[in-house]
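Chain by chain, the residues run as shown.
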Amino acid sequence: MWPNGSSLGPCLRPTNITLEERRLIASPWFAASFCLVGLASNLLALSVLVSARQGSSHARSSFLTFLCGLVITDFMGLLVTGTIVVSQHAALLDWQTVDPGCNLCHFMGVIMVFFGLCPLLLGAAMASERYLGITRPFSRPAAASQRRAWTTVGLVWAAALALGLLPLLGVGRYTVQYPGSWCFLTLGAEPGDVAFGLLFTLLGSLSVGLSFLLNTISVATLCHVYHGQEAAQQRPRDCEVEMMAQLTGIMVVASICWMPLLVFIAQTVLRNPPAMSPTGQLSRATEQQLLIYLRVATWNQILDPWVYILFRRAVIRRLHPRLSTGPRSLSLQPQLTRRSTMQ
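Residues numbered from 1 in each chain as written. Predicted model: local features only at pLDDT ≥ 70, side-chain atom pairs only at ≥ 80, totals over all residues. Heavy atoms only, no water.

## Some remarks on the pattern of salt bridges
Then, in step 1: Counted by the stated rule, this structure contains four salt bridges.
Then, in step 2: As a salt-bridge pair, E190 and R173 come within 3.7 Å of each other at their nearest N and O atoms. In this pair, E190 sits in the loop between β2 (182-185) and α7 (191-226) while R173 sits in the loop between α6 (145-164) and β1 (174-177), placing the two residues 17 residues apart along the sequence.
Then, in step 3: For E190, a relative accessible area of 44% gives the class partly exposed.
Then, in step 4: With a relative accessible area of 14%, R173 lands in the buried category. (Salt bridge = Lys/Arg side-chain N within 4 Å of Asp/Glu carboxyl O. Helix = DSSP H or I, 4+ residues; strand = E, 2+ residues; numbered from the N terminus. Buried < 20%, exposed > 50% of the residue type's maximum accessible area, 1.4 Å probe, protein only.)

Structure (structure tokens):
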């Protein structure tokens, strides 16, 4: 695969690390601890979600379905990728010995793209659902909301998986990355690598941008209703404020964690002269930057469940006592309906 007579396998390219360095940094304890914290956080959020789904309204049930899909995705992403990373550290980061045929590397590359894109795409889907629920409350049948939400989650999973499989079909490549514990897309200058890197970056960035746009409109609509002339009678229900607070938190966390990596990938594959040499080698600085940005992106899977846990109504009421503890009989839906009939 690599020119100049390289004896490495199709996923194994030269990296800037010596055997002594591998022995010094090949400790599975840090990776295992990081993974366990994330798994425990997602399990806690999942248990809270299961109890919250009982007796919830149609709109909230649909939103909680998306949250369940997000938490399940984050949990499985940490479990599968963490297991591979820990096992490679235990093997002293010697990927060539553990996986000479690159089957494990290709599998990890697929799941890295899959579990990376899913939270961003699910965030955009959740933002779209809340946008329609707030601005077009009667445009969808309430009885089918939960079934439609699970269908949307399934479509998101299918789309992310389809993108992750592209390098196995010849568009892009998955290669072992520094320090030898994980596989990801190749930041090379070949057309397939550039196309796949830009496609991954474009989908991720569009998801974040769409989430920002729709969440901004939804929050502005809620604020308009809350502070309108009939605010005393038509304030948004507590659950609507709660859902938007959680969704905004998820969007902010995803943006902070993922945008640096997405920007770095686009800059690297478009760099002129190319960042990767013809033999497949990146500079030490580029490899270390990629590792740092990847670690920052991984925090998204740990912080997502805490956004839901901390941004619940019980916590919001403590910070904003004006949100009453009793259920509201009216929401913004009547006001939006009245406004549409007057036009």
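## Brief notes about the pairing of β2
Then, in step 1: As paired strands, β1 and β2 are joined by four bridges and run antiparallel to one another. Across the sheet, the residue bridging to Q177 is W182, located in β2.
Then, in step 2: Hairpin connection between β1 and β2: a loop of four residues separates the two successive antiparallel strands, and G180 in this loop has a positive phi of roughly 115 degrees. (Pairing = 2+ DSSP bridges.)

## Concerning the UniProt feature "transmembrane region" (unreviewed entry) in the protein chain
Then, in step 1: Taken from the UniProt record, the annotation "transmembrane region" (unreviewed entry) applies to residues 29-51, 63-86, 106-128, 149-174, 194-226, 247-270 and 290-311.
Then, in step 2: Strand forms 0% of residues 106-128 and helix 100%; the C-alpha atoms that close the span are 33 Å apart.
Then, in step 3: Each end of residues 247-270 is marked by a C-alpha atom, and these two atoms are 33 Å apart; helix forms 96% of the span and strand 0%. (UniProt positions renumbered as here; feature names shortened; annotations may be inferred.)

## Here's the deal with the nonpolar core
Then, in step 1: In terms of nonpolar packing, the biggest core is built from 75 residues, with L67, M108, W182 and F200 touching the most fellow members.
Then, in step 2: When residues of this core are assigned to their parent elements, the largest contribution, 17 residues, is made by helix α5 (residues 103-135).
Then, in step 3: In contact with F200, not counting residues within four places along its chain, are V113, L117, L163, F184, L185, W258, L262 and I265. (Core = buried A, V, L, I, M, F, W, Y, C linked by side-chain atoms within 4.5 Å. Contact = heavy atoms within 4.5 Å.)

## Some points on the state of the cysteines
Then, in step 1: Applying the stated criterion across every chain, the model contains two disulfides.
Then, in step 2: What pairs with C11 in a disulfide is C102, and their sulfur atoms sit 2.1 Å apart. Taking the sign of the S-S torsion, about -85 degrees here, the bridge from C11 to C102 comes out left-handed. With C11 in the segment before α1 (19-25) and C102 in the loop between α4 (95-98) and α5, this pair connects stretches of sequence that are 91 residues apart. Like C11, the residue C102 is buried in the burial classification.
Then, in step 3: Each sulfur of the disulfide joining C105 and C183 lies 2.1 Å from the other. Between C105 and C183 the sulfur-sulfur dihedral comes to about -120 degrees; the bridge is accordingly left-handed. (Disulfide = S-S within 2.5 Å.)

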